[in-house]
Amino acid sequence: MTAPIIITAEMGKSDQAWANGLRRAYFPMERNFVDAHITLFHHLPPSHLPEIKSRLAALVADYPAPVARLTDIKLLGTAVAFQVDSPELLSLREELADAFRGLLIPQDEASPKLHITVQNKVELPVAKALHTHLSSTFRPRPLDISGLSAHYYRGGPWEQIGRWAFRG
C-alpha cells in the first residue's frame, strides 16, 4: 500500500449521526466523500501499518474514553467547524505522537486544534452565513468519543483499516 494513513477519533453513535447530518446538509455534495470526523493525524506512512495498529489497540485498551466537549463554532476561511475541547484526547494523541516520532509530517508534529468540519471549500459569504446560522442556537455540550480509527487516504473516499473502542 502506498496511500497515507489518517488517524481519527471516533464519535459515539448519536454524535456521529448528528455530525453526519450537518455534513450532508452543508458540505458541498461533490466533495463530501467521508463521514464527519476528528482528525488526529493526517499522514502516517503505510509501511508502518502493523505498528500503527498495535499502538492504537494498546492505547484504547489502557484508557477509558476521553471526556470531550463541543465549545464553539469556528469560521475557518471558507470552512465552518465545531471546536472540540478535550485535554484528555490531546494527551492520548501526544502519547501517539511520541511513539510515531520520526514518522510525522510537519502538519502532524504540531498539536492539533481538534474540530469537526461541517462545511468546507465554499464561497466566503456562504461559510459566513452558515457560521452565523449555527452560532445563533449553539450551546456548548458534551461530545462522546468512543474510539480511534485508521483509514487509507486515496484522494476521495477513505478506506477504513480498523476501529478500536476505548475500554469501558
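See the structure above.
To start, this report covers the structure provided alongside it. No experiment lies behind these values; they were computed from the predicted model shown.

### Some points on the layout of surface pockets
Take a probe with the size of a water molecule and roll it over the atoms, and the empty space left behind shows itself.
Logical step 1: In this structure, the largest pocket encloses a volume near 970 Å³.
Logical step 2: Around the largest pocket sit 36 residues that line it, and H37, T39, H42, H115 and T117 are the ones nearest its centre.
Logical step 3: Only strand 2 (38–44), strand 4 (80–85), helix 3 (87–99) and strand 5 (115–119) provide two or more residues apiece to the lining of the largest pocket.
Logical step 4: Ranked by residues supplied to the lining of the largest pocket, first place goes to strand 4 with 4 residues.
Logical step 5: The residue makeup of the lining of the largest pocket, split by class, is 16 nonpolar, 13 polar and 7 charged.
Logical step 6: When its volume is computed, the second largest pocket comes out at roughly 360 Å³.
Logical step 7: Taken together, 17 residues make up the lining of the second largest pocket; nearest its centre are E10, Q16, D35, Q160 and R163.
Logical step 8: For the lining of the second largest pocket, the elements supplying multiple residues, two or more each, are strand 1 (5–11), helix 1 (13–26), strand 6 (141–152) and strand 7 (159–165).
Logical step 9: Counting residues per element, the lining of the second largest pocket draws most heavily on strand 1, which supplies 4 residues.
Logical step 10: Split by residue class, the lining of the second largest pocket holds 5 nonpolar, 8 polar and 4 charged.

### As for the packing of aromatic side chains
Logical step 1: As enumerated under the stated definition, the model contains 3 aromatic pairs in all.
Logical step 2: Seen from their ring centres, F82 and F138 are 5.8 Å apart, and the 55° between their planes marks the pair as tilted. Pair noted here: F82 is in strand 4 and F138 is in the loop between helix 5 (124–137) and strand 6, with a separation of 56 residues, a long-range link.
Logical step 3: Among the aromatic residues, those joined into a ring-pair cluster are W18, F82 and F138.
Logical step 4: Positioned over the ring face of F27 is R23, at 4.0 Å from the centre of the ring.
Logical step 5: When the ring centre of W18 is taken as reference, the NZ or CZ atom of R141 above it lies at 4.4 Å.

The rules behind these values
- Residues numbered from 1 in each chain as written.
- Predicted model: local features only at pLDDT ≥ 70, side-chain atom pairs only at ≥ 80, totals over all residues.
- Heavy atoms only, no water.
- 1 Å grid on protein atoms, 1.4 Å probe; cavity = no way out; pocket = protein on both sides within 12 Å on 5 of 7 lines; lining within 4 Å.
- Points joined across faces, edges and corners; volume = space filled by probe spheres on them.
- Helix = DSSP H or I, 4+ residues; strand = E, 2+ residues; numbered from the N terminus.
- Nonpolar A, V, L, I, M, F, W, Y, C, P; charged D, E, K, R; others polar.
- Phe/Tyr/Trp six-rings, centres within 6.5 Å; stacked < 30°, edge-to-face > 60°.
- Lys NZ or Arg CZ within 6 Å of the ring centre and 35° of its normal.

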